[in-house]
Structure formats: C-alpha cells, structure tokens
Amino acid sequence: MKNTALTDIHIELGAKMVPFAGYNMPVQYEGVNIEHETVRSQLGVFDVSHMGEFLIGGPNALALIQKVSSNDATKLTVGKAQYSCLPNEDGGIVDDLIIYKMKEEQYLLVVNASNIEKDWNWISKYNEAIGADMRNVSDDYSLLAIQGPKAVEAMQSITPVDLSAIKFYNFEVAEFAGVDNVIISATGYTGSGGFEIYCKNDVAEKVWNNVLEAGKEFGIKPIGLAARDTLRLEMGYCLYGNDIDDTTSPLEAGLGWITKFSKDFVNSEALQRQKEAGVSKKLVGFEMVERGIPRHGYEILNDKDEVIGKVTSGTMAPSLNKGIGMGYVSTENTAEGTPIYLQIRKKKVAAKVTKPPFYKNK
C-alpha cells in the first residue's frame, strides 16, 4: 500500500483511511454530508496525490498525444488544459485524462490512479513508432484540489497570481503557498469551482498547511474521497471503472464532444462508423421518483418489467436530498423524463431519466 506525502497528516486529523487504487487514502473526516456541504457552500481541500502524471516531450510529443487521445490537442496553447480519453482498439476506453500544454513540445498528462501502469504501457506501445520523450513522474508529485465558491477569495493571499483571471481549464505555473513553480489549474471534479495544485512531494506539507491557514477564516476543511464522489455525481461527471471502462465507447458515454474525427487516432475509423450507425445504448442520468438509493450494478427496467440497462453510479445526493444516479440504457429509453424503474432487492422503485448536472449552481 502506497502513502501520499500527506498520509500522516490525514491520520493526525482523524481521517478514516481506506485502500484506494493501491494507496492509503482518506475517505472521510467528519462525515460525507458535512464535507459535501462545505465544498458546495464554502471550500474544502482534497489530497488527490494518488493521481498519475506523465510528461510527454520533444518534437514528436504532439504526434503521440494526437494518436492515443480522442480530443484534438492541436487546439491547446501553453497554459491551457483539455479533457480527453484514450480509446482502446475494441471500441472502449483505456482511461479518461487531462492534458496540459506546459511549453512548446512539452505536455503533462494526468491520469487516474488505478490506471497508471496500464496507461503508461498503452501510450508506450504507440510511442515505439513515434519516439516522443516520456517520463512517468507520478511518484514525484502531490496534487491538492481546493474546491468551492470561496476558493479564489481564500487563496488569493498566498499567491501573486490573480486567481480570478485564470479561466476554467487554464493554468499558471507560479509561486503558491510559499513555493515556486507550482501548477495552479482552474480545474476540478466538484462543479463548485476552485483549483487543482500540483507540487513536488517534498513541499506538499508546506502547501497543505498554508492552504488550510489561508482558508481558515473562510471555513475551509479537509475533505475525503467519499464526498468527492457525491460531488462529482451531482454534476454527472463520469468515474472511470464505474461509468466508463474498457467496454464502453466514448459515444455511448456521451463523450462525443471530446471525440474529434478531424484527425486519425486509435480506433477512430471504427468509432466513426459507430457514430454514423448510431449506438444501441447510452449513458443517462436519472433521479428517483419514489424513495430509494440507487447503487452500482442495480438493474434498470421499463414499465413492462423488461431489463433495459444497469446502474453505473448512484447515491443519495446531499445537496438535493434525493436519490440520483447514472446508467446505460437502450437508446429508445434515453429521452429526458422517460419513466424507468430500479430493481432494489425485491422491490421495483420508480425513477425518471434526467439530464445532468443534477445540481445547478445558484
């Protein structure tokens, strides 16, 4: 089991620690609902240092990224980031990721913790013919997510950068929390605004302490992975391993917007044919009409009691006080408002198809 640079701090703070993607991670501190509400109304800080980071550089860096990723990385300029995915050769997804253009001919790829080795091997396979410089720096970097509507105001005191000027999916490399050369990225997984902060492991504790000190008067709290999951689900964001995986195509998952057929990439011809023919199932959001909490793996039925799909993610949404979820259903059942039912143990519980995000920022 790996530790992050901040594991001892989480234990001191009384976090409940669990194994996650090979790391010892804080799942909660005070409780999921309290932590969730803190991020929605004020701000919280997550340790997500288990995420993977690859540096791709050299004259062939862009060619490699264009080959393995679905989005069009030629649209990136220095200081911009892009959400993308790595299609496999069978119509599914190896992983979803964020691509940062650090410099001309240098990119940072941020991948899911559980897929670090898999992604590295996958990209390396295609790099044999392309010859970009690749470095796996996952074990060298820590990542803090400072999320919530007060993030800009609270963090402005610890950086000379005008945080309000960093647009969504843009970033700066600058001094932050008393540390030089920190990546300050206006990205996140919660839908409540904020930043993701990349720094070297040896300064992570200093950054963490300074963030908590700067945020104290704004009500900042450390937040665990459980609230990260409820926050992302209220926004309808996909979680790899639940909502997308090696068997789900980006088009089925509603990720056509990051699948650009203006270039050649892994399996692009087959995905183009799928787009033209249409998919037989799609990922939809739904909310419960009757009382019930949807869970991963529950069957989804139509009004004739026929199984039309399965739940991929589900929870009782803390901000909405109702059950919400996502799942794949046959295409004819994807229209917003379509009545569906969940098989929860021996009971058939009513729900309806709802377009995410479930939570709307006020």
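Residues numbered from 1 in each chain as written. Predicted model: local features only at pLDDT ≥ 70, side-chain atom pairs only at ≥ 80, totals over all residues. Heavy atoms only, no water.

A few words on the UniProt feature "domain: GCVT N-terminal" (unreviewed entry) in the chain. In the numbering adopted here, UniProt assigns the feature "domain: GCVT N-terminal" (unreviewed entry) to residues 6-263. Along residues 6-263 the backbone is 25% helical and 31% strand, and the end-to-end C-alpha distance reaches 41 Å. (UniProt positions renumbered as here; feature names shortened; annotations may be inferred. Helix = DSSP H or I, 4+ residues; strand = E, 2+ residues; numbered from the N terminus.)

Here we take up the pairing of strand β3 (residues 44-47). Covered by surrounding structure in β3 are G44 and F46 together with V45 and D47, the residues of both alternating faces. The pairing of β3 with strand β9 (residues 141-147) spans four bridges and is classified as antiparallel. When the bridges of β9 are listed, V45 appears paired with I146. In this sheet, strand β13 (residues 221-223) lies alongside β3 in parallel orientation, the contact comprising three bridges. (Buried < 20%, exposed > 50% of the residue type's maximum accessible area, 1.4 Å probe, protein only. Pairing = 2+ DSSP bridges.)

Between two packed helices, the angle of one axis relative to the other and the distance separating the axes together describe the packing. Their axes nearest at 8 Å, the elements helix α2 (residues 32-41) and helix α7 (residues 225-235) cross at an angle of 55°. Judged on the interaxial angle alone, α7 and α2 are oblique. Here α2 runs over α7; the crossing is right-handed. Residues V32, E35, H36, V39 and R40 of α2 form the contact with α7, whose participating residues are A226, A227, T230, L231, E234 and M235. For the contact of α2 with α7, the per-class residue count stands at six nonpolar, two polar and three charged. (Axes fitted to C-alpha atoms, helices over the stretch in contact; angles between N-to-C directions. Parallel < 35°, antiparallel > 145°, perpendicular 65-115°, else oblique. Left-handed = near helix turned anticlockwise from the far one by under 90°. Contact = heavy atoms within 4.5 Å. Nonpolar A, V, L, I, M, F, W, Y, C, P; charged D, E, K, R; others polar.)

Before going further, it helps to examine the pattern of salt bridges. Per the stated rule, a full pass over the model turns up 12 salt bridges. Put simply, K125 and E89 hold a salt bridge, and the shortest N to O gap is 3.2 Å. On the criterion of sequence distance, the pair formed by K125 in helix α4 (residues 116-127) and E89 in the loop between β5 (81-87) and β6 (93-103) is long-range, its members being 36 residues apart. Looking at K125, the relative accessible area reads 38%, which means it is partly exposed. The class of E89 is partly exposed, set by a relative accessible area of 41%. What emerges from the salt-bridge pattern is a single network uniting D229, R232 and D243. (Salt bridge = Lys/Arg side-chain N within 4 Å of Asp/Glu carboxyl O.)

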